[in-house]
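Chain residues, written in single-letter form:
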Amino acid sequence: MQQTFQDTVKAQILVIGNGMVGHHFIEQLRQRDAGCSVTVLCGEPQLAYDRVYLSSYFTGTPFSELLMSTEQWYQEQQVDLQLNCWVERIVPTERLVYCRDGRVFSYEKLVLATGSYPFVPPIPGNDQPHCLVYRTLQDLQNIEASAAQSKVGVVIGGGLLGLEAANALKQLGLETHVVEFAPQLMAVQLDQAGGALLAQKIQQLGVTVHTGKATQAIAPGTQYRYQLQFADGSRLETDLVLFSAGIRPYDQLGRSSGLVVGERGGIVINDLCQTSDPSIYAIGECALWQQKIFGLVAPGYQMARVVADRLVNQQQATLTFSGADMSTKLKLLGVEVGSIGDTHARTPGAMSYLFTDPKAGHYKKLVVSPNGKKLLGAVLVGDTSGYDTLLQYALNEMPLPANPEQLILPASGQTALPALVLPDSATICSCHNVAKGDIVGAIGAGVCDLASIKHCTKAATGCGGCSALLKSVVDEELKARGVEVSNHLCEHFAYSRQELLHLIQVEGLTTFYQILSQHGKGHGCEICKPTIGSLLASVYNEYVLKKPHVGLQDTNDTFLANMQKDGSYSIVPRIAGGEITADKLIVIGQVAKDFNLYCKITGGQRIDLFGARLEQLPQIWRLLVDAGFETGHAYGKSLRTVKSCVGSTWCRYGVQDSVGQAIAIENRYKGLRAPHKIKMAVSGCTRECAEAQSKDIGIIATERGWNLYVCGNGGMRPRHADLFATDLDTNTLISYIDRILMFYIKTADRLTRTSVWLEKLDGGLAYLQDVVINDSLGIAAELEAQMQRLAGTYACEWKATLDDPQALKRFRHFVNSDKADSNILFVEERAQIRPATAEEKQQFQLQIPVKNLTEESIA
Amino acid sequence: MSFQEICSLDDLVENSGVCVLVAEQQVALFWLRPDDSGGTGELFAVGNFDPVGGANVLSRGILGSVGDKLVVASPLYKQHFCLRTGQCLQDPSLSVPVYPVMLSHHKVLIGSQPVAVDAVAA
Ligand code: SRM
Ligand SMILES: Cc1cc2nc3c(=O)[nH]c(=O)nc-3n(C[C@H](O)[C@H](O)[C@H](O)COP(=O)(O)OP(=O)(O)OC[C@H]3O[C@@H](n4cnc5c(N)ncnc54)[C@H](O)[C@@H]3O)c2cc1C
Ligand code: SF4
Ligand code: FES
């Protein structure tokens with residue numbers, strides 16, 4: 001729609017760009033002044049989203065969670081927001097802004113927050129399909145689509161973003177390469193040795209790193225889609241090319257309207273973030289301050305605050321922009337990397353301390369001032385636990401200890417800087433510019449828990465990098481004020497999990513509401529209800545769907561199945577030790593076929609069937625139970641699987657029957673409720689094909705019996721299990737496991753795996769051995785008896801449910817209709833079902849109202 | 001506002017939720033009855049669709065309270081929705097519809113239209 005000059009929309013403040021910084025500016029402006037009229041013109045089709053966490057889109061974070069605000073919020077704030085509105089031209093003399101769609105806006109003050117765009121090096125062939133960049137949501141969707149048709153992906157550029165992009169390609173299942181022109185990775189943040197170690201570690205994780213390679217052309221490939229041709233004559237074939245060779249500021253608007261721009265791009269600003277035209281400001285990644293572009297969000301936020309302050313308070317404004325710290329700590333492809341200040345020791349006279357541990361793969365470097373008193377920079381690769389402390393030394397220019405090397409030497413016990421000694425001016429959260437003094441002030445004003453402190457100061461709500469430091473500042477500050485740091489379960493119970501367990505046992509309490517009325521307040525919540533449900537189950541081992549316990553369970557425990565993203569459920573029958581007969585395999589296959597379920601072999605040696613609707617669960621389990629299957633407790637905080645290797649029965653190296661042992665153990669502990677899930681494995685010999693040393697309980701056969709390993713963990717924080725006892729006979733083995741597990745159930749906090757429990761246990765492994773092997777507490781017999789009682793009262797929850805008409809009543813989607821949930825819809829992929837995406841659902845629903853795609857096949 | 005008889009009290013689960021169909025809309029119906037003292041407790045009805053997870057699951061969430069607000073926690077990603085106002089406590093820009101509900105002679109009656117609730121007043 002072409003509009004005439006008369007239609008010009010007048011705004012006191014006009015903002016171009018609604019990225020992270022543009023959005024922050026609006027928040028800051030409205031916090032200071034609700035009155036002035038504001039218009040925002042945004043080139044992207046959606047509201048500002050969190051670019052920093054953009055990559056989490058690939059690990060399943062729905063895009064809606066990345067949005068920083070809503071259109072409704074903009075309406076409430078009375079901000080006129082124009083999405084999909086690309087600005088072509090500014091005419092500063094007339095204070096007018098022209099958009100691509102023909103609209104014209106006038107302003108009194110203009111704020112440019114146009115950010116930057118990825119630089120694509122001028123390599124012939126760079127404009128072909130499947131040659132992509134990594135910056136916007138649209139880019140990510142393009143990458144996803146391209147990856148679905150690709151096997152190999154190459155990222156050109158080995159900087160911070162390039163490595164993040166490589167991680168994304170790896171997660172999308174591609175064979176991944178990183179090509180870097182410089183002789184090392186992350187040349188901006190790391191020194192040469194740090195970059196080399198990073199490259200080595202990343203290679204070990206399966207990403208191939210090519211440094212010192214100048215790409216000259218992208219030609220057609222022979223084996224894969226393209227061939228990258230390098231200056232040194234070497235070649236690399238790939239299906240997908242992802243450029244991550246740096247960013248360039250979106251400064252065209254400034255350039256064409258005569259604002260001063262830097263030689264290498266960027267709209268020049270002063271300390272007030274004003275451009276060469278005093279009515280025009282520039283903030284974020286499009287702005288050039290003292291020859292520097294800041295490619296991080298925190299400096300952009302600072303600029304946004306400066307301009308908001310300036311526009312509202314005018315002559316009384318106090319804030320100025322004075323540069324920003326570019327230190328970073330992050331995890332790249334699983335490798336911890338930290339970079340602070342002058343990493344290359346470029347300050348004249350600077351001295352460096354180096355520490356390397358080739359075995360653990362740690363590299364640490366301190367750069368200190370010529371007199372050894374101040375920390376100028378640091379590089380940490382492999383272990384960034386000292387980062388917060390070092391950053392505080394550097395930022396606050398605090399005097400270093402006499403032997404600064406202590407700060408990077410392992411286990412010197414000295415490294416953590418107590419938060420108490422930090423000055424009040426120390427910046428704790430750089431994203432939201434929160435100093436220690438702000439946090440102490442909030443505590444002084446009566447804000448006493450971490451969540452409220454986060455809420456009122458905004459600390460740790462940006463990139464999240466400061467969360468650990470914030471927590472220690474809060475904890476220490478509260479302690480210093482004599483407030484006991486709470487281990488309370490939640491707002492309803494001022495007790496820890498163990499304390500509640502004691503209350504239940506000592507007072508013989510049997511229901512949640514008894515416990516709540518005597519020891520708690522409010523109505524409970526999704527934390528205390530399942531916890532108490534689990535405690536009651538481990539004390540009394542009653543059927544979990546018995547009436548008083550019903551409302552206590554998570555949906556997974558209530559319906560004895562795992563809820564999936566679309567509200568359907570998965571079904572995991574127990575397949576003890578991973579051993580299964582052909583007949584049972586056929587039953588599973590037949591059931592899956594009859595109900596059109598998605599089949600997948602799990603990481604725990606059994607079979608998961610996905611896509612069952614709530615009302616189908618009992619029908620499916622009826623068939624499975626009749627065929628002799630039991631529930632696999634995939635939903636519970638309970639024993640999952642006991643993985644086995646084939647062992648001495650078949651394997652030429654096996655020394656014991658690992659399968660038989662695994663089945664016996666799985667049957668002993670199945671159904672056991674615990675603070676977290678428990679996994680076990682039994683290997684038939686030292687080759688360890690069952691990976692027992694990554695389990696909570698790991699057993700490895702020896703010539704003379706069984707070696708017992710404890711408290712291993714895979715998952716988010718892998719931990720190698722500790723050798724607990726060697727060459728045990730089966731009876732001793734079982735009695736040790738009984739004691740360890742029962743002791744764990746009695747003493748661990750909620751949602752604590754055995755690995756973390758052991759690390760927190762005073763005295764550690766030696767103490768646990770003392771309690772279990774030497775019975776130092778005199779409770780061994782009692783622990784065993786309790787376990788025996790639980791094992792003796794085991795009953796399959798699915799069988800019990802099928803026998804209970806009252807419990808079965810719950811397995812209906814509607815209590816007043818036989819209809820199915822019309823929002824559960826599937827499409828076919830690789831010859832099986834998968835949940836339809838939101839877009840697909842919309843299409844279906846237009847075509848076939850309220851109908852399940854698989855309904856017919858089941859009837 | 002017309003009320004419709006939806007189900008009987010026996011169809012509900014104490015201190016937990018069920019889902020009912022009201023005028024082709026999915027409604028999560030909760031029965032809060034924290035003691036056995038004989039009272040009938042309190043009923044709440046809100047939309048069953050979880051706007052965060054994008055699935056019809058709120059009836060399968062755990063009931064509880066945050067401060068003095070009665071809430072249900074979504075079983076998918078644990079956001080709390082206020083039973084009286086429908087508002088999401090974690091993201092006040094989101095909310096679920098709230099339906100008027102009453103109990104009469106052991107029957108549950110639900111209004112066919114959601115009510116407008118003033119989040120601040122409630
Ligand atoms: C199905 C399965 C993946 C697969 O397709 O293979 C799976 C699926 C889930 N895993 Fe897992 N895990 C599966 C094996 C594993 C393994 C491998 C193993 O067991 O050998 C691990 C690492 C080993 C470990 O736990 O030490 C694993 C580490 C996790 C973790 C991280 C735990 C940790 O301590 O760091 C979670 C999250 C949690 O429990 O809080 C998790 C959580 C989940 C949940 C429950 C997430 C959820 O809430 O929806 C998934 C639901 C399953 C479902 O809907 O049926 N899953 N998960 C595997 C089921 C095994 C089984 O037969 O029971
Ligand atoms: C994958 C990724 C990971 C990152 N990780 C981190 C991190 O861990 N830590 C960190 O601090 N930073 C990180 N960053 C950088 C951070 O995201 C940026 O510093 C920040 O987004 C800059 O905000 P901005 O508002 O200046 O620019 P942008 O977010 O780019 O927003 C600018 C907006 O303006 C629009 N626009 C431009 N020109 C026009 C025009 N002419 N008319 C209308 N609209 C226009 C653009 O379309 C865009 O929507 C990361 C960036 C990416 C891409
Ligand atoms: S662990 Fe030993 S017994 Fe088991 S499969 Fe491997 S080699 Fe064979
Ligand atoms: S430093 Fe980013 S959230 Fe605090």
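Residues numbered from 1 in each chain as written. Chains lettered and ligands numbered in written order. Predicted model: local features only at pLDDT ≥ 70, side-chain atom pairs only at ≥ 80, totals over all residues. Heavy atoms only, no water.

Draft legend 1. Representation of the packing of helix α20 (residues 730-747) of chain A against helix α22 (residues 764-773) of chain A in the model. All names here are of chain A. Closest axis-to-axis distance for the α20/α22 pair is 9 Å, and the angle between their directions is 120°. Comparing the axis directions of α20 and α22 gives the class oblique. The interaxial crossing formed by α20 with α22 has right-handed handedness. Judged by residue contacts, Tyr-736, Arg-739, Ile-740 and Phe-743 of α20 engage Tyr-767, Leu-768, Val-771, Val-772 and Ile-773 from α22. (Axes fitted to C-alpha atoms, helices over the stretch in contact; angles between N-to-C directions. Helix = DSSP H or I, 4+ residues; strand = E, 2+ residues; numbered from the N terminus. Parallel < 35°, antiparallel > 145°, perpendicular 65-115°, else oblique. Left-handed = near helix turned anticlockwise from the far one by under 90°. Contact = heavy atoms within 4.5 Å.)

Draft legend 2. The site of ligand 1, seen in detail. Residues and elements named next belong to chain A. The environment of ligand 1 is formed by 19 residues, the closest being Gln-564, Gly-603, Arg-606, Lys-677 and Gly-714. Here an oxygen atom of ligand 1 sits 2.6 Å away from a polar atom, N or O, in the side chain of Lys-677. Within the backbone of Gly-714, a nitrogen or oxygen atom sits 2.6 Å from an oxygen atom of ligand 1. Residue composition of the shell around ligand 1, grouped by class: 1 nonpolar, 11 polar and 7 charged. (Near = heavy atom within 4 Å. Polar contact = N/O pair within 3.5 Å; in protein donor to acceptor, adjacent residues only side chain to side chain. Nonpolar A, V, L, I, M, F, W, Y, C, P; charged D, E, K, R; others polar.)

Draft legend 3. Here's a closer look at the environment of Ala-402 of chain A. Inspection of the secondary structure puts Ala-402 of chain A in the loop between α9 (387-395) and β25 (427-429). Under the relative-accessibility criterion, Ala-402 of chain A is labelled exposed at 77%. (Buried < 20%, exposed > 50% of the residue type's maximum accessible area, 1.4 Å probe, protein only.)

Draft legend 4. Quick peek at the interface of chain A and chain B. Each partner contributes residues to the interface: chain A has 41 residues there, and chain B has 40 residues. Both sides of the chain A and chain B interface together cover about 3,100 Å² of buried area, and 51% of this is carbon and sulfur. Put simply, chain A and chain B have 3 salt bridges between them. At the surface where chain A touches chain B, the tally comes to 20 residue pairs in polar contact (both at pLDDT 80 or more). (Buried area = accessible area lost by both parts, 1.4 Å probe. Salt bridge = Lys/Arg side-chain N within 4 Å of Asp/Glu carboxyl O.)

Draft legend 5. Expanded view of unusual backbone geometry. All names here are of chain B. We note that Asn-15 has phi near 55°; this positive angle belongs to a residue other than glycine. Structurally, Asn-15 is set in the loop between β1 (3-8) and β2 (16-22). You can call Asn-15 buried: its relative accessible area is 7%. In this structure, His-106 takes a positive phi of about 70° despite not being glycine. Checked against the element boundaries, His-106 lands in the loop between β11 (101-104) and β12 (107-111). The exposure class assigned to His-106 is partly exposed, which follows from its relative accessible area of 46%.

Draft legend 6. Here's a closer look at the sheet that holds β11 of chain B. Residue and element names in this part refer to chain B. Taken in spatial order, the 3 strands make up an open sheet running β1-β12-β11, and their pairing is antiparallel. A single partner strand is all that each edge strand has here, and the edge strands are β1 and β11. Averaged over all pairs of adjacent strands, the angle between their axes in this sheet comes to 30°, without regard to strand direction. As defined by bridge partners, β11 adjoins β12 across 4 bridges and the pair is classed as antiparallel. Bridge pairing in β12 places Val-101 opposite Ile-110. (Pairing = 2+ DSSP bridges.)

Draft legend 7. Summary view of the packing of aromatic side chains. Residues and elements named next belong to chain A. One pass over the full model with this rule turns up 20 aromatic pairs over all chains. Centre to centre, the rings of Tyr-117 and Tyr-250 are 5.0 Å apart; their planes meet at 45°, and the pair counts as tilted. With Tyr-117 in strand β7 (residues 116-118) and Tyr-250 in the loop between β16 (247-249) and α7 (252-256), the pair connects residues that are 133 residues apart, well separated along the chain. Look at Tyr-250 and you get partly exposed, because its relative accessible area is 28%. Centroid distance Trp-798 to Phe-811: 5.3 Å. Interplanar angle 45°. Geometry classified as tilted. Taken together, the positions of Trp-798 in helix α24 (residues 797-802) and Phe-811 in the loop between α25 (805-808) and β36 (826-829) put the pair 13 residues apart, joining distant regions of the chain. (Phe/Tyr/Trp six-rings, centres within 6.5 Å; stacked < 30°, edge-to-face > 60°.)

Honestly, that's just the spatial picture; any functional story needs more than this.
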